[in-house]
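Architecture and fold: a report
Here is what each chain is made of, one letter per residue.
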Amino acid sequence: MLEFDKTALDKATKDFQKLGKDNYEAVVKSYGQMNKGFQDIGTSFTDYTKQAFAEATATFEKLVGAKSLEHAIEIQSEYAKKAYETWLAEVTKIGEMYASVARDAYKPVEKAVEKTTATVTAS
């Protein structure tokens, strides 16, 4: 007849519950990291949009005051060059922010997976 070890079952149940709690906390922490990262990205987009609008408005005012067609073309060319460079820098920054969000959000899950794997393989 097979003997039942209640102590071992209780320990295994408690270990399993702790593992589940730890994994849940890791996922919650991961979602928190993602949320913070996406808020930062949203703030960056908002700041860029405000800046771009202000620069476009200032350029329009300069164009209205241009004394010649050549001067207007010069103003427009400078604006286009600066707008492109600013946009390119912003896109690069946002891309880096997305990569950082992914890394930061994955860290708690990675640690939980390592801990779970170590616990399961040790059993």
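Only a predicted model underlies this, so the values are computations on that prediction, with no experimental measurement involved.

Conventions used here
- Residues numbered from 1 in each chain as written.
- Predicted model: local features only at pLDDT ≥ 70, side-chain atom pairs only at ≥ 80, totals over all residues.
- Heavy atoms only, no water.
- Helix = DSSP H or I, 4+ residues; strand = E, 2+ residues; numbered from the N terminus.
- Rg over C-alpha atoms; globule rule 2.2 N^0.38 Å.
- Contact = heavy atoms within 4.5 Å.
- UniProt positions renumbered as here; feature names shortened; annotations may be inferred.
- Expected span 1.5 Å × (residues − 1).
- Buried < 20%, exposed > 50% of the residue type's maximum accessible area, 1.4 Å probe, protein only.
- Salt bridge = Lys/Arg side-chain N within 4 Å of Asp/Glu carboxyl O.
- 1 Å grid on protein atoms, 1.4 Å probe; cavity = no way out; pocket = protein on both sides within 12 Å on 5 of 7 lines; lining within 4 Å.
- Points joined across faces, edges and corners; volume = space filled by probe spheres on them.
- Nonpolar A, V, L, I, M, F, W, Y, C, P; charged D, E, K, R; others polar.
- Phe/Tyr/Trp six-rings, centres within 6.5 Å; stacked < 30°, edge-to-face > 60°.
- Polar contact = N/O pair within 3.5 Å; in protein donor to acceptor, adjacent residues only side chain to side chain.

What follows deals with the overall build of the chain. Assigned secondary structure in the chain consists of two helices and zero strands. Over its C-alpha trace the chain gives a radius of gyration of 28 Å, far above what one expects of a compact globule, namely 14 Å for 123 residues. Its C-alpha atoms put the chain at 105 × 20 × 15 Å along the principal axes. Across the chain, the fraction of contacts at a sequence separation of at least 24, relative to all contacts at a separation of at least 6, is 81%.

Let us look at the UniProt feature "domain: Phasin" (unreviewed entry) in the chain. The sites that UniProt annotates as "domain: Phasin" (unreviewed entry) are residues 15-112. Along residues 15-112 one finds 96% helix and 0% strand; the C-alpha atoms at either end are 14 Å apart.

Okay, helix α1 (residues 6-64) next. Here α1 is 59 residues long and its end C-alpha atoms lie 86 Å apart, about the 87 Å a rise of 1.5 Å per residue gives. Taken together, the buried positions of α1 are L19, D22, A26, S30, G37, I41, S44, Y48, E55 and T59.

Moving on, we come to the environment of A122. As for its placement among the helices and strands, A122 is situated in helix α2 (residues 69-122). Residue class for A122 comes out exposed when judged on its relative accessible area of 69%. Placed 17 residues apart in sequence, A122 and A105 show a C-alpha to C-alpha distance of 27 Å.

With that out of the way, let us pick up the pattern of salt bridges. Going through the model one piece at a time under the given rule, you end up with seven salt bridges. As a salt-bridge pair, E55 and K82 come within 3.8 Å of each other at their nearest N and O atoms. Of this pair, E55 sits in helix α1 while K82 sits in helix α2, placing them 27 residues apart in sequence. In this structure E55 comes out as buried when scored by relative accessible area, which is 17%.

The volume enclosed by the largest pocket comes to roughly 160 Å³. Lining the largest pocket we find E55, A58, T59, K62, I75, E78, Y79, K82 and A83. Of all the secondary-structure elements, those providing two or more residues to the lining of the largest pocket are α1 and α2. With five residues, the single largest contributor to the lining of the largest pocket is α2. By residue class, the composition of the lining of the largest pocket is four nonpolar, one polar and four charged.

Here the focus is the packing of aromatic side chains. Applying the stated rule across the entire model yields two aromatic pairs. On the basis of an interplanar angle of 35 degrees and a centroid distance of 6.2 Å, the ring pair of Y84 and W87 is categorised as tilted. In this pair, Y84 and W87 both sit in helix α2, three residues apart, roughly one turn of the helix.

The next subject is the side chain of S44. Counting through the fold element by element, S44 comes out in helix α1. For S44, a relative accessible area of 5% puts it in the buried group. Among the polar contacts made by the side chain of S44, one reaches the side chain of E90 at a distance of 2.7 Å. Contact partners of S44, with chain neighbours within four places excluded, come to E90, K93, I94 and M97.

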